[in-house]
Amino acid sequence: VLVLLRDTDSDQGPWTFLPRSVSQRIRSELGYWKHGRGYRLTDEEVYRLADPSEAIEFTGERGSVLFIESSGCLHFGSRNAVRPRFQ
C-alpha cells in the first residue's frame, strides 16, 4: 500500500511500474532472477522490450492510495526528481 503524503506529479520522480503482463514478458525474455543474473535491470534493458508508454506513474493528490502487489511488477521511483516525493 502506497499513500501520497503530498500532491505528487512527474517532477517528483513518482513510484512507477509496469503492468504484471508486461513485467512477466520482460522477466522471461531477460532471464530475470536466473542463475548469474542480478535483480537490477537498466532502463535500456527494460525499454528495449517494453514501450515507455506502458509505464504507470503513481501521481495524484495528497491522500491518494495505491494497492499493488509490488513483487509482481517491475517498478522504480525517484528518477529525475526535481522536487522531493513523500509517500
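Presented here is a report on the structure given in the accompanying data block. In this convention, every chain numbers its residues from 1, walking through the sequence in written order. Local features in this predicted model are restricted to residues of pLDDT 70 or higher, and side-chain atom pairs are both shown and tallied only at a pLDDT of 80 or more, whereas totals for entire chains, interfaces and linings draw on every residue. Processing note: side-chain calculations cover all non-hydrogen atoms of the structure and skip hydrogens and water entirely.

Quick notes on the sheet that holds strand 5 (residues 75-76)
Hydrogen bonding along the main chain pairs the strands of a sheet, whether they run parallel or antiparallel.
Inference 1: In this description, strands pair whenever DSSP reports at least two bridges between them. Secondary structure counts use DSSP, requiring at least four H or I residues in a row for a helix and at least two E residues in a row for a strand, with both numbered from the N terminus. Taking strand neighbours across the sheet as the criterion, the 3 strands line up as 3-2-5 in an open arrangement whose pairing is antiparallel. At either end of the open sheet lies a strand with only one pairing partner, and these are strand 3 (56-57) and strand 5.
Inference 2: In the sheet, strand 2 (residues 16-17) pairs with strand 3 via 2 bridges, with the strands oriented antiparallel. Across the sheet, residue T16 finds its bridge partner in strand 3, namely E57.

Comments concerning the environment of C73
Inference 1: Here C73 is to be found in the loop between strand 4 (65-66) and strand 5.
Inference 2: Remark: the alpha-carbon pair of C73 and R37, spanning 36 residues in sequence, is separated by 17 Å.
Inference 3: Residue contacts for C73: discarding those within four places in its chain leaves W15, F17, L18, S23, R27 and I68. Any two residues whose heavy atoms approach within 4.5 Å are treated as being in contact.

Side note on the nonpolar core
Inference 1: Definition of nonpolar core: a set of buried residues of the types Ala, Val, Leu, Ile, Met, Phe, Trp, Tyr and Cys, connected through side-chain atoms within 4.5 Å. With a 1.4 Å probe rolled over the protein chains alone, any residue whose accessible area is under 20% of its type maximum counts as buried; one over 50% counts as exposed, and the rest are partly exposed. Of all hydrophobic cores here, the largest spans 9 residues; its members are L18, V22, I26, L30, Y32, L41, V46, A50 and L74.
Inference 2: Considering each element in turn, this core owes the most residues, 3 residues, to helix 1 (residues 20-30).
Inference 3: Membership of the second largest hydrophobic core comes to 7 residues, among which are L2, L4, W15 and F17.

Observations regarding the pattern of salt bridges
Inference 1: The salt bridge criterion pairs a side-chain nitrogen of Lys or Arg with a carboxyl oxygen of Asp or Glu, the two atoms within 4 Å. Considering all chains together, one arrives at 3 salt bridges under this definition.
Inference 2: Taking the shortest distance from any N to any O, the salt bridge between R20 and E69 comes out at 3.2 Å. Placement of R20 in helix 1 and of E69 in the loop between strand 4 and strand 5 is noted, with a sequence separation of 49 residues between them.
Inference 3: Note that E54 and R25 form a salt bridge whose closest N and O atoms lie 4.0 Å from each other. Here E54 is found in the loop between helix 2 (43-49) and strand 3, whereas its partner R25 is found in helix 1, with 29 residues between them in sequence.

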